[in-house]
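# Remarks on the overall topology
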Amino acid sequence: MIKLYFLSVFYSALNHIPPFVWAVLHVVADIVQFWMRRLMNYFRPKSRNLYHGAITELERCDTYHDWYNRAAVVDEITGADLWRRNFYSQRYDVNSVLEQYAVLDEALDEQDAHTIVQRFSTTGPSMLRNFAGIVDKRLFTKSLIGTKLLIEQYLDKVLECLQFLCETPVVARTSFFQRCKLSLGTTAFILQGGSLFGLFHLGVIRGLLDQKLLPNIISGSSMGACIGSMCSVLTNDELFMLLSGDNLLNAIKSDLELLKKCGYGNIDQDMNLGSLLQNVIHRGYSKDVFLFINFVNKVVIKDLTFEEAFQRTGKILNIIVHPTDRNRCPTLLNYVTTPNVLIASANDCSLGSEVVSSGTKLLCKNLKNEIVDYLPDTGDRRVVFLTPQNASETGLAESPYTRLTELFNVNNFIVSLARPYLAPLVMNDLKHEIKTSKYYYYKHYPTTDMSNFTPLQLSNMNEVEPLGFKFRYHLERKLKHIATMEFRHRVDVLDNLGILSHWIKRLAIDEKTPRSATEITIVPNMKSLSFSRVIEGQLDNIPYWIKCGEQSCWPVLALIKTRCAVEFGLDEIIKAKRSI
């Protein structure tokens, strides 16, 4: 009671603060930020100012093509372009990659399909995602635009060989490419987090679509389930068109009834900061997130089921729910486990009972195409769906991704984590280690442009010598890594003992992917966030978060391409052969 009293007093105090006070605070914050930047530029050496100026230009890019060109300038400043050309590294087996490249190159020149088939069989090296360690994340932390040129050219050669086999009548059987895909494994796209920052997922989806890297297996819970369902019921062309420009915002604005229901354009429902903050803390979502959830369920998904969505787009949607009775309802809903369940009802149940609407139920279509309860009430055994945070507190939550790997042969995850405050603590996140050329040096610079040379030509050249590192940079990086691992370990221990604070668990605990699988995590850039924008739920948040998510996706695209290029190439071949 005392806690609720103090909270009500706190919210009331926020509600009565005059608007000009917040305006003054914004002005003071802008002045302090401006002078801090000026002082940092004054004390930094010129080499660092050059680097930071190039990084600032990166943050202003609107398209991936523009970002790539400016990232190439950053790589030139830091020396990463030379690092890419020198393909020797302790992080992967250089000799194995060179040998495999030479075999494929020779077989392709001689039109030797038998040798290529041997290399692409279930026991061949080309159908291993991490062959010779080429997808080690440490190989992608030096350069912004990619990794070693040897690795990129090797993958291009593998794709060229696949296309050759596709056009060879003796080998061009769909079953052969399906066996290759089974050996290689599948990638799943996971949408985690989102009670406040869930619209960030939209930008990540658009960034992957732009480069044709969006997987067909999509999974999410809570707000991630809502966005994942929208992604799954629309084709890639429809989705890309909807997320381009202001198309999504205009589609939402056209529904005046929905806007009024969610508090936009209605003076009676206009809330001040205290009420908005109370809604975020106790309900778990801001006004713009609530609007988007209702828009997706009403306009996009309607009454589609999991099986109908799969038949329409070929994408496999997985929604995670946390029922109190797990014997009556599975925790992972998809077209295999619950084909006739309505996706809109699964979204509401994933958010938790009585979060969006009271009395949330899981609905399905019967044989007569009538909408009925999937879990009819049987006396006192009514199934209640918990929020992910409450399920974690009661011990009912377990990682659903193990079941995902069993059903669809998933061994690689792309995770969109809409929790920017976890960015420094995410071990699976791709962090670029190069800061300035102050820490790097080359003994000898190349005198010729080697970007178009083949790996076999480069292997006979000695123009580029190994990259040198300074002890200070290594020490800083190792200490930061150790501190991050120690903090995460302590949080996991406290959570297992059941003594972790409710608020820390709500902010920091997520489902973990299986250790046997690889993972790529994308998190928002904290510099792009605005606290007032998140809490107030402004209507223009949607294009803002799409841009934020897309920009956060660009530095990770090189790693995603390396891990998924062969897999997506096989998908295109299989799809083309089935359509014949």
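Heads up: these notes are all about the structure in this document. Just so it is clear, the structure is predicted and the values come from calculations on it, not from any experiment.

## Here's the deal with the overall build of the protein
Scanning the protein from N- to C-terminus turns up 26 helices and ten strands. Within the protein, the fraction of its 580 residues that count as buried is 50%. With the model as given, the accessible surface of the protein reaches about 28,700 Å², and the carbon-plus-sulfur share is 56%.

## Some remarks on the pairing of strand β1 (residues 186-192)
Burial runs high along β1: seven of the seven residues are buried. Here β1 shows no split at all, with Thr 186, Ala 188, Ile 190 and Gln 192 on one side and Thr 187, Phe 189 and Leu 191 on the other all buried. Here β1 runs beside strand β2 (residues 217-221); their pairing, made up of four bridges, is parallel. In the sheet register, Leu 191 faces β2, and the bridge partner there is Gly 220.

## Re the pairing of strand β10 (residues 518-522)
In terms of burial, β10 is largely enclosed, as four of its five residues are buried. Relative to β10, strand β7 (residues 410-417) runs parallel, the two being bridged by five bridges. Across the sheet, the residue bridging to Ser 416 is Ile 522, located in β10.

## Examining helix α17 (residues 306-313)
For α17, the full list of buried residues reads Phe 306, Ala 309 and Thr 313. Around the axis of α17, the buried residues are gathered within 65° of arc, so they sit on the same side. Contacts made by the buried residues of α17 are with α11 (223-233), β3 (316-320), β4 (332-333) and α18 (343-351). Just past α17, the residue Gly 314 takes up positive phi, approximately 80°.

## A short note on the layout of surface pockets
When its volume is computed, the second largest pocket comes out at roughly 1,400 Å³. Lining the second largest pocket are 37 residues, and of these Leu 214, Asn 216, Asp 571, Glu 572 and Lys 575 lie nearest its centre. Put simply, the parts of the chain that give the lining of the second largest pocket at least two residues each are α9 (174-184), β1, α10 (200-210), α12 (236-242), α17, α20 (401-408) and α26 (557-578). Top contributing element to the lining of the second largest pocket by residue count: α26, with nine residues. Taken together, the residues of the lining of the second largest pocket break down into 16 nonpolar, eleven polar and ten charged.

## With respect to unusual backbone geometry
With a phi angle near 60°, Lys 302 is a residue other than glycine that sits in the positive phi range. The residue Lys 302 is located in the loop between α16 (287-301) and α17 in this model. With a relative accessible area of 52%, Lys 302 lands in the exposed category. For Asn 409, which is not a glycine, the phi torsion comes out positive at approximately 55°. Take Asn 409: it is sitting in the loop between α20 and β7. Judged by its relative accessible area of 31%, Asn 409 falls in the partly exposed class.

## Some remarks on the sheet that holds β10
With respect to topology, six strands assemble into an open sheet ordered β4-β3-β2-β1-β7-β10, the strand pairing being mixed. Two strands lie at the open edges of the sheet, namely β4 and β10, each paired on one side alone. Here β1 runs beside β7; their pairing, made up of seven bridges, is parallel. Looking across to β7, one finds that Ala 188 is bridged to Phe 413. Against the sheet, α18 contacts β2, β3 and β4, and its axis sits at roughly 35° relative to β3.

## With respect to the packing of aromatic side chains
Scanning all chains against the criterion turns up ten aromatic pairs. Taken together, a centroid distance of 6.4 Å and an interplanar angle of 55° make the contact between Tyr 64 and Trp 554 tilted. One end of the pair, Tyr 64, is in helix α4 (residues 64-78); the other, Trp 554, is in the loop between α25 (541-553) and α26, with 490 residues separating them in the sequence. Under the relative-accessibility criterion, Trp 554 is labelled buried at 2%. Residues Phe 131 and Tyr 154 carry aromatic rings whose centres are separated by 5.7 Å and whose planes lie at 35° to one another, so their mutual orientation is tilted. Of this pair, Phe 131 sits in the loop between α7 (113-120) and α8 (149-166) while Tyr 154 sits in helix α8; the two residues are 23 residues apart in sequence, bridging distant segments of the chain. Exposure class is identical for Phe 131 and Tyr 154. Each is buried. An aromatic cluster of three or more residues is present, and its members are Tyr 64, Trp 67, Tyr 68 and Trp 554. Between the NZ or CZ atom of Lys 148 and the centre of the ring of Trp 83, over which it lies, the distance is 4.1 Å.

## So, the side chain of Glu 519
With respect to the helices, strands and loops of the structure, Glu 519 is situated in strand β10. Within the structure, Glu 519 has its side chain in polar contact with the side chain of Thr 521 (distance 3.1 Å).

## Comments concerning the nonpolar core
Burial of nonpolar side chains together is a common tendency in soluble globular proteins. Ranked by size, the top nonpolar core spans 123 residues in total, and within it Phe 120, Leu 202, Met 230, Leu 248 and Phe 292 carry the most contacts. Lining this core are residues from two domains, each supplying at least three of them: domain 2 (79-183 + 432-461) and domain 3 (191-426 + 510-555). Contact partners of Phe 120, with chain neighbours within four places excluded, come to Leu 104, Ser 126, Met 127, Val 158, Cys 161, Leu 162, Leu 165, Phe 176 and Cys 180.

## Overview of a nonpolar patch on the surface
There is a patch of nonpolar side chains on the surface, built from Val 24, Val 28, Val 32 and Met 36 and spanning about 350 Å² of accessible area. With relative accessibility at 45%, the residue Val 24 sits in the partly exposed group.

## Concerning the environment of Thr 337
Assignment of secondary structure puts Thr 337 in the loop between β4 and α18. Along the backbone, Thr 337 and Phe 306 are 31 residues apart, and their C-alpha atoms lie at a distance of 9.5 Å. Every residue in contact with Thr 337, bar those within four places of it in the chain, is listed here: Leu 332, Tyr 374, Arg 403 and Leu 407. A polar contact is formed between the side chain of Thr 337 and the backbone oxygen of Leu 332, at a distance of 2.9 Å.

## As for the environment of Leu 184
The topology assignment puts Leu 184 in helix α9. In this structure, the C-alpha to C-alpha distance between Leu 184 and Ser 126, residues 58 residues apart in sequence, is 8.8 Å. Beyond its immediate chain neighbours, meaning those up to four positions away, Leu 184 contacts Met 127, Leu 128, Arg 129, Asn 411, Val 566, Glu 567 and Leu 570.

## Considering the packing of α10 against α11
In contact at an axis separation of 10 Å, α10 and α11 are set at 35° when each is read in the N-to-C sense. α11 is crossed by α10, and the crossing has right-handed handedness. Listed contacts from α11 to His 201, Leu 202 and Ile 205 of α10 are Gly 224, Ile 227, Met 230 and Cys 231. Partitioning the contact of α10 with α11 into residue classes produces five nonpolar, two polar and no charged.

The rules we used
Residues numbered from 1 in each chain as written. Predicted model: local features only at pLDDT ≥ 70, side-chain atom pairs only at ≥ 80, totals over all residues. Heavy atoms only, no water. Helix = DSSP H or I, 4+ residues; strand = E, 2+ residues; numbered from the N terminus. Buried < 20%, exposed > 50% of the residue type's maximum accessible area, 1.4 Å probe, protein only. Areas by Shrake-Rupley, 256 points an atom, 1.4 Å probe, with all protein chains shown as cover. Pairing = 2+ DSSP bridges. Arc of directions from axis to C-beta. Contact = heavy atoms within 4.5 Å. 1 Å grid on protein atoms, 1.4 Å probe; cavity = no way out; pocket = protein on both sides within 12 Å on 5 of 7 lines; lining within 4 Å. Points joined across faces, edges and corners; volume = space filled by probe spheres on them. Nonpolar A, V, L, I, M, F, W, Y, C, P; charged D, E, K, R; others polar. Axes fitted to C-alpha atoms, helices over the stretch in contact; angles between N-to-C directions. Phe/Tyr/Trp six-rings, centres within 6.5 Å; stacked < 30°, edge-to-face > 60°. Lys NZ or Arg CZ within 6 Å of the ring centre and 35° of its normal. Polar contact = N/O pair within 3.5 Å; in protein donor to acceptor, adjacent residues only side chain to side chain. Core = buried A, V, L, I, M, F, W, Y, C linked by side-chain atoms within 4.5 Å. Domains from an automatic or database assignment. Patch = residues over 30% accessible without salt bridge, like charges linked within 9 Å, V, L, I, M, F, W, Y side chains within 5 Å. Salt bridge = Lys/Arg side-chain N within 4 Å of Asp/Glu carboxyl O. Left-handed = near helix turned anticlockwise from the far one by under 90°.

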